[in-house]
Amino acid sequence: MNPSTALARVLVDELARCGLTEAVVAPGSRSTPLALALVAHGDIRVHVRVDERSASFLALGLARASRTPVAVVCTSGTAAANFHPAVMEADESGVPLLVLTADRPPELRGTGANQTADQIGLYGGAVRMFAEVGTPDPVPGTAAYWRSLTGRAWASARGGRPGPVHLNVAFREPLTPDEDEGPEWPEPLGGRDGGGPWTVRPQRAPEPAPFELPDTERGVIVCGDGDYDPVPFLALSELTGWPLLAEPTSNARRTGAVSTYRQLLASPRFAAEHTPDLVVSVGRPNLSRQVLACLRRARRHVVVTADEVGDPSARLANSFSDPARTATDVVAAVAPPTRAQQDGPAGTAWSRSWQRAENAARAAVDGVLDAEEALSEPRLARDLVAHLAPGSLLFAGSSMPIRDLDSTMAARCGLRLVGNRGVSGIDGTVSTAVGAALAHERAGEGRSYALLGDLAMVHDQNGLVIGPGEPRPDLAVVVVNNDGGGIFSGLEQAGHPDFERVFGTPHGLSMERIAAVADLPYTRLEWAGDLSKALMGEGLRIIEVCTSRAAGADLRRRLQMAVDGALDLLV
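Just so it is clear, the model here is predicted, and its values are computed rather than measured.

Chemist: Would you mind going over the overall build of the chain with me for this structure?
Modeler: The helix and strand tally for the chain stands at 21 helices and 19 strands. In terms of C-alpha radius of gyration, the chain reaches 25 Å, essentially the compact-globule figure of 25 Å for 571 residues. Overall, the C-alpha framework of the chain stretches about 85 × 60 × 45 Å when taken along its three principal axes. When the 571 residues of the chain are sorted by exposure, 55% land in the buried category. Residue pairs in contact within the chain that sit at least 24 positions apart in sequence constitute 76% of those at least 6 positions apart. A total of about 22900 Å² of accessible surface is found on the chain, and carbon and sulfur atoms cover 52% of it. Distance between charge centroids for the chain: 4 Å, based on 54 positive and 68 negative side chains.

Printed below as a string of structure tokens:
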């Protein structure tokens with residue numbers, strides 16, 4: 001067995017022993033040993049993509065939905081650079097990703113050799129661990145080194161703060177298997193007996209002692225983006241009477257949560273009268289300016305770190321979300337005040353005030369949206385969530401889709417909502433949604449959907465290009481096409497004389513043309529009553545909803561005015 005084949009087979013075998021079940025490969029020559037080792041392993045499902053950026057975001061979606069590290073492999077040179085956006089997203093959103101970049105051996109670096117670049121530490125501080133694996137040589141201790149290093153990489157990806165790891169693997173020729181030639185290894189290359197990993201690590205640290213929250217009536221719970229269990233915070237809200245404000249991708253907007261907090265906090269009088277004494281936040285609360293303003297007004301702000309795995313002390317020391325810079329306490333877990341634990345659920349003037357406002361605002365929002373049967377962007381977001389069956393997965397695009405969901409979706413249970421909220425870009429959106437749908441389907445869950453903007457679709461059209469032999473998702477991609485960047489129509493840039501060219505960025509493309517290029521089914525949806533029918537079907541398919549950016553901005557203003565008017569009637 002030649003050295004390159006030996007190294008690749010040992011790395012892949014040890015990854016499988018650690019728990020790897022999904023890998024994404026972008027074709028290339030120098031990565032041949034890894035690609036062949038992966039496709040030959042019976043316990044690993046391999047996905048192949050011709051575009052490295054799409055491949056890396058596909059892996060990100062698979063890892064995000066499965067909550068398990070996924071490997072992504074590329075050849076040397078600019079291929080590795082195309083992984084960088086997905087690595088950044090995985091870093092910020094805490095998604096475990098195993099980035100395996102093939103490289104030229106040291107003797108070819110810095111010589112002008114073809115397709116050779118400096119890949120050492122390519123992703124900087126965005127990875128939890130980097131290792132230059134080194135060239136494979138048949139010397140004693142090699143197998144133990146390879147397997148130990150692989151185990152460390154796996155543990156780092158899953159550790160106290162999950163995220164990406166980077167192994168740079170240099171291969172010398174020959175790159176293809178040749179069982180009859182090559183040096184004899186001085187020791188067996190196999191792993192531990194019984195098929196287990198080289199090194200066994202505990203899966204969870206002991207549960208941290210909870211921090212008892214102060215006893216106050218005017219508390220608020222903010223659930224930001226993140227993959228954590230929202231149930232304890234829903235229970236905390238029920239016990240204390242503190243309103244729970246939940247971003248869509250927190251998956252905490254369930255029964256009892258305040259679904260219209262965005263409009264409520266945007267009402268100056270309501271915000272002034274509802275300044276909290278205490279805010280308890282979990283996840284990354286960075287979707288709305290209104291919540292950030294609420295965090296700044298709070299007299300005390302307790303931040304809860306909520307990673308599923310790892311050492312609580314490491315989480316506290318290394319990372320917690322505090323975008324408003326107002327945290328007064330950072331804790332690993334919280335407990336209700338003693339009074340609430342003893343007395344149980346009890347309504348307060350504070351909680352009743354929030355509930356009355358929620359009821360009035362909910363009726364106002366729904367009234368405006370239901371006034372017209374033609375689909376608007378906010379109504380599409382609200383109705384889509386309401387139509388999905390329990391067990392469904394919805395991937396939300398950045399910019400306006402996630403904000404329209406935040407503004408209009410009612411509280412409900414049984415839906416998993418995810419999105420790329422770490423860096424909050426539109427890069428790789430289609431590919432991530434495809435990956436999330438594939439993992440969701442493989443886990444035996446319900447059906448998958450995506451709500452994206454047109455620029456996100458145009459930016460990542462390659463995510464729709466899937467080879468005939470590749471696993472294909474059952475995914476309905478709903479695309480809002482307002483011919484440009486709709487989010488800017490509601491921002492300060494909207495009044496600039498060069499707005500349309502520089503920020504609006506019209507493209508003039510129909511999603512039907514994009515669907516035709518990828519040979520996908522296409523539906524154009526115009527009326528709200530036809531949504532259920534449009535969502536029917538199987539496989540990867542595109543549903544287009546054409547809207548006006550100007551009309552959307554006007555409707556969002558009218559929604560806020562309607563809520564302001566409804567709140568005035570409560571006085």
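Chemist: What exactly am I supposed to notice about the sheet that holds strand E15 (residues 415-418) here?
Modeler: Each strand in a sheet pairs with its neighbour through backbone hydrogen bonds, running either in the same direction (parallel) or in the opposite one (antiparallel). In spatial order, the strands read E15-E14-E16-E17-E19-E18; together these six strands make up an open sheet with parallel pairing. The open sheet is flanked by E15 and strand E18 (522-524), the only strands paired with a single partner. The mean angle between the axes of side-by-side strands here comes to 20°, regardless of whether they run parallel or antiparallel. In this structure, strand E14 (residues 392-396) lies alongside E15, joined through four bridges in parallel fashion. Bridge assignment links leucine 394 to a residue of E15, and that residue is leucine 417.

Chemist: Even after reading the chapter, I still don't get the nonpolar core, so can you show me in this structure?
Modeler: Nonpolar side chains tend toward joint burial in soluble globular proteins. Core analysis: the largest hydrophobic core is formed by 50 residues, its most contacted members being Met457, Leu464, Leu475, Val477 and Ile542. Once residues within four sequence positions are removed from consideration, leucine 464 is found in contact with Val430, Met457, Ile514, Ala518, Leu520, Leu540 and Ile542. Core analysis: the second largest hydrophobic core is formed by 39 residues, Ala6, Val12, Ala153 and Trp154 among them.

Chemist: Looking at this structure, I do not really get the sheet that holds strand E10 (residues 278-282). What am I missing?
Modeler: Sheet architecture is open: five strands sit in the order E9-E8-E10-E11-E12, paired in parallel fashion. With partners counted over all chains shown, the strands left at the sheet margins are strand E9 (244-246) and strand E12 (329-331), one partner each. Mean inter-strand twist for the sheet, computed between neighbouring axes without regard to direction, equals 20°. Examined bridge by bridge, strand E8 (residues 219-223) and E10 share five bridges and lie parallel to one another. Looking at the pairing, valine 220 lines up with valine 279 of E10. Each of E8, E9, E10 and strand E11 (300-304) is contacted by helix H7 (residues 231-240), which is oriented at about 160° to E8, the strand it contacts most.

Chemist: I keep staring at the side chain of serine 448 and nothing clicks. Help me out?
Modeler: Examined against the element boundaries, serine 448 turns out to sit in strand E16 (residues 448-453). On the basis of relative accessibility, which here comes to 2%, the residue serine 448 falls in the buried class.

Chemist: Got a minute to help me understand the packing of aromatic side chains in this structure?
Modeler: Centre-to-centre distance and the angle between the planes together describe a pair of aromatic rings. Tallied over the full model, the rule gives four aromatic pairs. Both rings, one in tryptophan 146 and one in tryptophan 185, keep their centres 5.8 Å apart while their planes meet at 70°; by these two values the pair is edge-to-face. Linking tryptophan 146 in helix H6 (residues 142-158) with tryptophan 185 in the loop between strand E6 (164-170) and strand E7 (211-212), this pair joins segments that are 39 residues apart in sequence. The pair tryptophan 146 / tryptophan 185 is uniform in exposure class, with both members buried. Each ring, one from tryptophan 350 and one from tryptophan 354, has its centre 5.9 Å from the other, and the planes form 70°; the classification is edge-to-face. Here the residue tryptophan 350 and the residue tryptophan 354 both occupy positions in helix H13 (residues 349-370), the gap between them amounting to four residues, near one helical turn. Judged by its relative accessible area of 3%, tryptophan 350 falls in the buried class. Three or more aromatic residues joined by ring pairs form one cluster here, namely Phe270, Trp350 and Trp354.

Chemist: Honestly, the packing of helix H14 (residues 377-387) against helix H15 (residues 400-408) in this entry has me stumped. Any pointers?
Modeler: Relative placement of two packed helices is described by the angle separating their axes and the distance separating the axes. Contact pair H14 / H15: the axes reach a minimum separation of 8 Å and the direction vectors enclose 70°. Considered as vectors, H14 and H15 are oriented roughly perpendicular to each other. Residues Glu377, Pro378, Ala381, Arg382 and Val385 of H14 form the contact with H15, whose participating residues are Asp404, Leu405 and Thr408. Its residues assigned to classes, the contact of H14 with H15 shows four nonpolar, one polar and three charged.

Chemist: What's the story with the pairing of strand E19 (residues 541-546) in this structure? I'm lost.
Modeler: For a regular strand, the rule is simple: side chains alternate between the two faces of the sheet. A large share of E19 lies buried, amounting to five of its six residues. Alignment of strand E17 (residues 475-481) against E19, held across six bridges, turns out to be parallel. Bridge assignment links asparagine 481 to a residue of E19, and that residue is cysteine 546. Note: E18 against E19, three bridges, orientation parallel. Looking at the pairing, threonine 523 lines up with isoleucine 543 of E19.

Chemist: Just checking my understanding: could you explain the pattern of salt bridges for this structure?
Modeler: When their charged atoms lie close together, side chains carrying opposite charge are able to pair. Inspection of every chain in the model, using the stated rule, returns 31 salt bridges. Residue aspartate 277 is joined to arginine 299 by a salt bridge in which the shortest nitrogen-to-oxygen separation is 2.5 Å. In this pair, aspartate 277 is assigned in the loop between helix H9 (268-273) and E10 and arginine 299 in the loop between helix H10 (289-297) and E11, connecting sequence segments 22 residues apart. For arginine 299, a relative accessible area of 60% puts it in the exposed group. The shortest N-O distance in the salt bridge between arginine 556 and glutamate 377 comes to 2.7 Å. With a gap of 179 residues between them, arginine 556 in helix H21 (residues 549-568) and glutamate 377 in helix H14 connect regions that are remote in the sequence. Owing to a relative accessible area of 22%, arginine 556 belongs among the partly exposed residues under this scheme. Residue glutamate 377 is classed as buried on the basis of its relative accessible area, which comes to 6%. Within the structure, one salt-bridge network assembled from shared partners comprises Arg362, Asp366, Asp370, Arg379, Arg382 and Asp383.

Chemist: Help me understand helix H16 (residues 429-442), please; the structure alone is not making it clear to me.
Modeler: Residue pairs three or four apart in sequence face the same way in an α-helix, which turns once every 3.6 residues. Compared with the 20 Å implied by 1.5 Å per residue over 14 residues, the 20 Å span of H16 between its first and last C-alpha is a close match. In terms of burial, H16 is a largely internal element, 12 of the 14 residues being buried. When H16 is considered as a whole, its buried residues turn out to be Thr429, Val430, Ser431, Thr432, Ala433, Val434, Gly435, Ala436, Ala437, Leu438, Ala439 and His440. Contacts made by the buried residues of H16 are with strand E2 (45-48), helix H3 (52-66), E14, E16, helix H17 (454-459) and E17.

Conventions used here
- Counting of residues starts from 1 at the beginning of each chain's written sequence and follows it residue by residue.
- At least 70 in pLDDT is required for a residue's local features to be given in this predicted model, at least 80 for side-chain atom pairs to be given and counted, and no such filter applies to totals for whole chains, interfaces and linings, which use all residues.
- Excluded from the side-chain calculation are hydrogens and water; included are all heavy atoms of the structure.
- Helix and strand assignments follow DSSP, with helices taken as H or I runs no shorter than four residues and strands as E runs no shorter than two, numbered in order from the N terminus.
- Between the two quantities, the radius of gyration covers C-alpha atoms and the globule rule is 2.2 Å times the number of residues to the power 0.38.
- The cut-offs for exposure are 20% and 50% of the maximum accessible area for each residue type, with area from a 1.4 Å probe on protein chains only; residues under the lower value are buried, those over the upper are exposed, and the others partly exposed.
- Throughout, a contact is declared for two residues whenever any of their heavy atoms are within 4.5 Å.
- Only the protein chains shown count as cover for residues, with accessible areas throughout obtained via the Shrake-Rupley method and a probe of 1.4 Å.
- By the counting rule applied here, Lys and Arg register as positive and Asp and Glu as negative, while His and the ends of each chain are not counted.
- The atoms used to mark charge sites are NZ of Lys, CZ of Arg, CG of Asp and CD of Glu.
- DSSP calls a pair of strands paired once it identifies at least 2 bridges connecting them.
- Axes, fitted as lines to C-alpha atoms, cover a helix only where it is in contact. Angles between the N-to-C directions of the axes lie from 0 to 180 degrees.
- What makes a nonpolar core is a set of buried Ala, Val, Leu, Ile, Met, Phe, Trp, Tyr and Cys residues whose side-chain atoms join them at distances within 4.5 Å.
- When two rings of Phe, Tyr or Trp (its six-membered ring) have centres within 6.5 Å they constitute a pair, described as stacked for plane angles under 30 degrees, edge-to-face for angles over 60, and tilted for the intermediate range.
- An angle counts as roughly parallel when it lies under 35 degrees, as roughly antiparallel when it exceeds 145, as roughly perpendicular when it falls between 65 and 115, and as oblique in every other case.
- In this classification, the charged set is Asp, Glu, Lys and Arg, the nonpolar set is Ala, Val, Leu, Ile, Met, Phe, Trp, Tyr, Cys and Pro, and all remaining amino acids, among them Gly, are polar.
- Just to be clear on terms, a salt bridge is a Lys or Arg side-chain nitrogen sitting within 4 Å of an Asp or Glu carboxyl oxygen.
- Here the expected length of a helix is defined as 1.5 Å per residue gap, with one fewer gap than residues.

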